[in-house]
Amino acid sequence: MKKQRKLALRLGKVKKDQDWTFTSELTKPLLRLLLARIQDASLPATFSEEEQKALHELRTRWFALKKDPVALALRQKGVDMRIGLDIASLALKKQVGTIILVSGDGDFVPAAKLARREGIDFILDPLWQRVADDLFEHVDGMQSGFAKSPDADPAARKPKSP
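This write-up is about the structure you can find in this document. Computed from a prediction, not measured in an experiment: that's the story for all the values here.

### Comments concerning the overall build of the protein
In terms of regular secondary structure, the protein is built from 5 helices and 5 strands. Written out in order from the N terminus, the α and β elements of the protein read β-α-α-β-α-β-α-β-α-β. Among the 162 residues that make up the protein, the fraction classed as buried is 21%. Taking contacts inside the protein between residues at least 6 apart in sequence as the whole, the part at least 24 apart equals 54%.

### Quick notes on helix α4 (residues 109–117)
Of all the residues in α4, the buried ones are Val 109, Ala 111, Ala 112, Leu 114 and Ala 115. Those residues of α4 that are buried lie in contact with α3 (79–92), β3 (98–101), β4 (121–124) and α5 (133–136). Following α4 by one or two positions, Gly 119 has its phi on the positive side, about 90°.

### Here we look at the pattern of salt bridges
All told, the structure shown has 2 salt bridges when counted by the stated rule. Across the pair Glu 118 and Lys 94 runs a salt bridge, and its minimum N-O distance is 2.8 Å. Of this pair, Glu 118 sits in the loop between α4 and β4 while Lys 94 is found in the loop between α3 and β3, placing the two residues 24 residues apart along the sequence. Accessibility expressed as a relative area gives 27% for Glu 118, which makes it partly exposed. Asp 140 is paired through a salt bridge with Arg 116; the nearest N and O atoms lie 2.9 Å apart. Of this pair, Asp 140 sits in the loop between α5 and β5 (141–142) while Arg 116 is found in helix α4, placing the two residues 24 residues apart along the sequence. Asp 140 sits in the partly exposed class, given a relative accessible area of 38%.

### Let's talk about a nonpolar patch on the surface
On the surface, Ile 100, Val 102, Leu 127, Trp 128 and Phe 146 cluster together into a nonpolar patch covering about 530 Å² of accessible area. You can see Val 102 is positioned in the loop between β3 and α4.

### Some details on the sheet that holds β5
Spatial strand order, β3-β4-β5: 3 strands in an open sheet with parallel pairing. Since the sheet does not close on itself, it has two edges, and those belong to β3 and β5, each with one partner. Summarising the sheet, β4 and β5 pair through 2 bridges and their orientation is parallel. Among the inter-strand pairings, Leu 124 is bridged to a residue of β5, identified as Met 142.

### A look at the nonpolar core
Ile 87, Leu 101, Ala 115, Phe 122 and Leu 135 are the most contacted members of the largest nonpolar core, which totals 18 residues. Of all elements in the fold, only α3, β3, α4 and β4 reach the threshold of two or more residues within this core.

### Quick look at the environment of Gln 76
Along the chain, the position of Gln 76 falls in strand β2 (residues 70–77). With a relative accessible area of 56%, Gln 76 lands in the exposed category. Linking Gln 76 and Lys 15, residues 61 residues apart in sequence, is a C-alpha distance of 6.1 Å.

The rules we used
Along each chain, numbering runs from 1 in the same order as the chain's sequence is written. In keeping with the predicted nature of the model, local features appear solely for residues at pLDDT of at least 70, side-chain atom pairs appear and are counted solely at 80 or more, and the whole-chain, interface and lining totals rest on all residues. In computing side-chain values, all of the structure's heavy atoms are included and hydrogens and water are not. Numbering of helices and strands starts at the N terminus; helices are DSSP runs of H or I of at least 4 residues and strands are runs of E of at least 2. Relative accessibility under 20% of the residue-type maximum defines a buried residue, over 50% an exposed one, and the middle range a partly exposed one, all with a 1.4 Å probe and only protein chains included. For this analysis, residues touch if any pair of their heavy atoms sits within 4.5 Å. Salt bridge, as used here, is a side-chain nitrogen of Lys or Arg placed within 4 Å of a carboxyl oxygen of Asp or Glu. To count toward a patch, a residue needs a relative accessible area over 30% and no salt bridge; like charges are then connected within 9 Å, while nonpolar side chains (Val, Leu, Ile, Met, Phe, Trp, Tyr) are connected within 5 Å. Here the Shrake-Rupley method, with its probe set to 1.4 Å, supplies the accessible areas, and only the displayed protein chains count as covering residues. The rule for pairing is simple: two strands pair if DSSP sees at least two bridges between them. The definition of a nonpolar core used throughout is a set of buried Ala, Val, Leu, Ile, Met, Phe, Trp, Tyr and Cys residues joined through side-chain atoms within 4.5 Å.

Structure, rendered in C-alpha cells:
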C-alpha cells in the first residue's frame, strides 16, 4: 500500500501496556468468592460445599480457556495524531480536493471540521464498523469501497443449524 500512487499510509506504534490479562468473565466470580471469604470472619477455615462447587467450576473454566478470555494488553499509539496533522496540512495547503478517511473514530472530528471549513470534501469509510456519533456531523458523506464481509456481522458467525 505504501507504494500506491496518491495514497498515504500512516502506521502507529504498538505499545505494551501490561502483560497478559483475563476478561472479567473469569476474574469477577473468583474475586467475589475470595472477597466474601475475607470479609466474613464467621466463615469456617475450610470452604463450604457451595464454595467448593464454585471453585471447581472456576478451575474447570480455567483449564478450558481458549484465546478469547485471555489477551495481551496492547495499544496503538500515535496514529490519530499523525493522520490529523496530515489532514490539516493537506487542507490548509489546498493540496487535495477530497479526503477519504478509513475510520470511525471520534478523535478525527477536529481534523474533519478543519478540512470541511477549507472546502475539502471529507468522505468517511468506516469499513462497516461503528462510527462515533459526533463524527457524522462533520463529514460530507459516508461510503465503503469494500463489500461487507460476513465476518463483520456477529450474527453471521453463528453456525447455521441443519
